[in-house]
Amino acid sequence: MGKVCEKYSGLDKIMKIFNPKDIIPELINILLKRQIHFNFDLLPFLGKDLSNEKIYNFFIAGLNQFAQQPKPLGYPVIAQVEPVNFCNLSCPLCLTTSQTEARPKKMLSLNAYQTFIHDIGAYLLLLVLWGWGEPLLNPDIIKMIQLAKSKNILVHLSTNGSVRLSDQKVEGLVNSGLDSLVFAVDGATQESYSSYRKGGNLNLVLSNLKRIVRTKKKYNSHFPIITLRFIIMAHNEKELPQMKKIAHEAGVDFFTVRGEAYFNDKNNNFSKPGNTRYQLEHNEKNQASFICMRPWKRIIMDASEEIIPCEFDYKSKYSFGNIKNNDKVLKIWKGKKASRFRKEFNLGTNHFYHCKSCIHKIIKNEFCNLETMTI
């Protein structure tokens, strides 16, 4: 078991910094082989058979970090779509639990999703298929994956795993073309697991995990790449060796240790782990130099069909528009509301509620991940 991903360039890093040293090693792959290796969420991805549109847009969109115009150059290379905004669990620090009143329960319709993928799929490299809810609660989730794959989009999905999955659903996930599946498991015993994943059943989670691994073997499939993700906290850090053992025995591909960005130090139940190695590394100086490119490089649609600037705009307060109005998705993303938001955002007056407490301004760790290990 060892660290992985150092050899891959980060797609988020490429699109924010766009240094020649990040791009040059990939030029032959991109231009001649029509493929790109990159690291996202501290996991390795490989995009293959890239179309001319995807390659051209990748480079044009990368120029946004220099121009940062209210109306972006090119189109986004990453999309995040929220299949549902509710969950079967009640994790205390999750916005789905703590901000329930601000988010009426919604399930994204398959028609809305089809419209989204049809309008933007030709340009996307990666789709992050989750938001503030449990994506497997959407009965159309497999069709959603398949639609994205029909546009040659890499699909990255995360689940709490505590959902009863039929054999048909398990087979569907494996045969859908899904590239990456993350299981969030934050305890090696039911007691520690359920202290945070309230309402969750650890035995059910591990059973689902093993069933998917077995089904991959049945079809001799390399995909989806399966990651067991462990959010390390004071109450469960002693179980880290057990979690690594569980990951190994389950036969997953990666084991990821993640820090929780929203700890309340006054809450003894969910405080930082005692081992400083597993605490998120803060750097207050980052705030002055921090440049967020999300409004330029990503497109995000929530379960209410709103196109929003960031997944942390959980109130959809700064929505660029709703696709229910029959507007083209990219027209909304480049429209007047979006341009006005970027102009104000770009001036540095980021008084927006979801920006004020943004953890990414002060932590060094990508996506709050601390380490990823191969199994």
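Everything quoted here is computed from the prediction, not taken from an experiment.

Student: Sorry if this is basic, but what is going on with the overall build of the chain here?
Tutor: Helix and strand counts for the chain come out as 16 helices and 12 strands. Counted over contacts in the chain with a minimum sequence separation of 6, partners at least 24 positions apart contribute 74%. In the form shown here, the chain has an accessible surface area of approximately 16800 Å², with 50% of it arising from carbon and sulfur atoms.

Student: Hey, could you run me through the packing of helix α8 (residues 167-175) against helix α10 (residues 202-218) in this one?
Tutor: Geometry of a packed helix pair, given as the angle between the helix axes and the separation of the axes. Axis separation between α8 and α10 bottoms out at 9 Å; the angle between their running directions is 60°. It follows from the interaxial angle that α8 and α10 lie oblique. Note on packing geometry: the crossing formed by α8 with α10 is right-handed. On the side of α8, the interface is formed by Asp-167, Val-170, Glu-171, Leu-173 and Val-174, while α10 contributes Arg-211, Ile-212, Thr-215, Lys-216 and Lys-218. The residue makeup of the contact of α8 with α10, split by class, is four nonpolar, one polar and five charged.

Student: Looking at this structure, I do not really get the nonpolar core. What am I missing?
Tutor: Grouped together as the largest cluster of nonpolar side chains are 78 residues, with contacts concentrated most on Tyr-113, Phe-116, Leu-127, Leu-129, Leu-228 and Ile-307. Other than its neighbours up to four places away in sequence, Leu-228 contacts Phe-183, Val-185, Leu-209, Met-243, Ile-246, Ala-247, Val-252, Phe-254, Phe-255 and Thr-256. In terms of nonpolar packing, the next biggest core, distinct from the first, is built from 21 residues, Ile-23, Phe-45, Phe-58 and Val-182 among them.

Student: Even after reading the chapter, I still don't get a nonpolar patch on the surface, so can you show me in this structure?
Tutor: Together, Ile-28, Leu-31 and Leu-32 make up a nonpolar patch on the protein surface, roughly 350 Å² of accessible area in all. Mapped onto the secondary structure, Ile-28 falls in helix α2 (residues 20-31).

Student: What is the right way to read the packing of aromatic side chains from this model?
Tutor: To describe a pair of aromatic rings, you give the distance between the ring centres and the angle between the ring planes. What the rule picks out here adds up to 14 aromatic pairs. Note on Phe-58 and Phe-59: the rings are 5.3 Å apart at their centroids and 80° apart in plane angle, and the pair reads as edge-to-face. On the accessibility criterion, Phe-58 (3% relative accessible area) is buried. When the centroid spacing of 6.2 Å and the interplanar angle of 25° are considered together, the rings of Tyr-318 and Tyr-353 count as stacked. With a gap of 35 residues between them, Tyr-318 in the loop between β10 (306-308) and β11 (321-322) and Tyr-353 in helix α16 (residues 353-356) connect regions that are remote in the sequence. Accessibility expressed as a relative area gives 19% for Tyr-353, which makes it buried. Among the aromatic residues, those joined into a cluster by ring pairs are Trp-296, Tyr-314, Tyr-318, Phe-320, Phe-341, Phe-345, Phe-352 and Tyr-353. The ring of Tyr-353 carries Lys-315 above its face, with NZ or CZ at 5.0 Å from the centroid. Seen from the ring of Trp-333, Arg-342 lies directly overhead, with NZ or CZ sitting 4.7 Å from the centre.

Conventions used here
- Residues numbered from 1 in each chain as written.
- Predicted model: local features only at pLDDT ≥ 70, side-chain atom pairs only at ≥ 80, totals over all residues.
- Heavy atoms only, no water.
- Helix = DSSP H or I, 4+ residues; strand = E, 2+ residues; numbered from the N terminus.
- Contact = heavy atoms within 4.5 Å.
- Areas by Shrake-Rupley, 256 points an atom, 1.4 Å probe, with all protein chains shown as cover.
- Axes fitted to C-alpha atoms, helices over the stretch in contact; angles between N-to-C directions.
- Parallel < 35°, antiparallel > 145°, perpendicular 65-115°, else oblique.
- Left-handed = near helix turned anticlockwise from the far one by under 90°.
- Nonpolar A, V, L, I, M, F, W, Y, C, P; charged D, E, K, R; others polar.
- Core = buried A, V, L, I, M, F, W, Y, C linked by side-chain atoms within 4.5 Å.
- Buried < 20%, exposed > 50% of the residue type's maximum accessible area, 1.4 Å probe, protein only.
- Patch = residues over 30% accessible without salt bridge, like charges linked within 9 Å, V, L, I, M, F, W, Y side chains within 5 Å.
- Salt bridge = Lys/Arg side-chain N within 4 Å of Asp/Glu carboxyl O.
- Phe/Tyr/Trp six-rings, centres within 6.5 Å; stacked < 30°, edge-to-face > 60°.
- Lys NZ or Arg CZ within 6 Å of the ring centre and 35° of its normal.

Keep in mind that these numbers describe shape and distance, not what the molecule does.
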